[in-house]
Amino acid sequence: MPNIVNEFNAYRAKMNDKILADNNKIIKRIFNLDTNAYSNGALDAKTKELLGLVASAVLRCDDCVKYHLETSYKLGLTKEQVVEALGIATLVGGTIVIPHLRRAYEFWDALEEQES
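Scoring rules and cut-offs
Residues numbered from 1 in each chain as written. Predicted model: local features only at pLDDT ≥ 70, side-chain atom pairs only at ≥ 80, totals over all residues. Heavy atoms only, no water. Salt bridge = Lys/Arg side-chain N within 4 Å of Asp/Glu carboxyl O. Helix = DSSP H or I, 4+ residues; strand = E, 2+ residues; numbered from the N terminus. Buried < 20%, exposed > 50% of the residue type's maximum accessible area, 1.4 Å probe, protein only. Core = buried A, V, L, I, M, F, W, Y, C linked by side-chain atoms within 4.5 Å. Contact = heavy atoms within 4.5 Å. Axes fitted to C-alpha atoms, helices over the stretch in contact; angles between N-to-C directions. Parallel < 35°, antiparallel > 145°, perpendicular 65-115°, else oblique. Nonpolar A, V, L, I, M, F, W, Y, C, P; charged D, E, K, R; others polar.

Quick question: what am I supposed to make of the pattern of salt bridges here?
As a working rule, side chains carrying opposite charge can pair if their charged atoms are close by. A complete count under the given rule lists three salt bridges for this structure. The salt bridge involving K74 is made with E70; its shortest N-O contact spans 3.5 Å. Separated by four residues within a single helix, K74 and E70 lie in helix α4 (residues 62–74), roughly one turn from each other. Given the relative accessible area of 65%, K74 is considered exposed. According to the relative accessible area criterion, E70 is buried, its value standing at 9%.

What follows is the structure in structure tokens.
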């Protein structure tokens, strides 16, 4: 069975390397801004990841949802915390978010399976 976590990370790393190799100042600054926006500040990194997860689900960006799920998992957020945030995303985004919710559950399960 394919490992969706490893496949996602390999593709993301490969394409990020390719994009950043073009040395476009605007793109590099956006990548840097994105990285720094999620560090601890007035809000802690865990809260910011949940905010990113909710926004990504509402915007229906599966790659973004996967990224924020994995980061949330690595930061030690529980499934219950993540599911509660995804509930808010589904409430705000409506039923069109449900397919992304399904893929989010699948990806979280894959993250947990890696630990077993």
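How do you make sense of the nonpolar core when you look at a structure like this?
Proteins that are soluble and globular tend to have nonpolar side chains buried together. In this structure, L53, L69 and V82 are the most contacted members of the largest nonpolar core, which totals 19 residues. If you tally residues by element for this core, the top one is helix α6 (residues 98–115), at five residues. The contact partners of V82, leaving out residues within four places of it in the chain, are L50, L53, L69, S72, L77 and W108.

Help me understand the packing of helix α1 (residues 4–21) against helix α2 (residues 25–37), please; the structure alone is not making it clear to me.
Working note: a packed helix pair is described by the angle between its axes plus the distance between those axes. At their nearest, the axes of α1 and α2 sit 9 Å apart, and the two run at 135° to each other. By the angle class used here, α1 and α2 are oblique. Contacts between α1 and α2 pair N16, I19 and L20 from the former with I27, K28 and F31 from the latter. Considered class by class, the residues forming the contact of α1 with α2 number four nonpolar, one polar and one charged.

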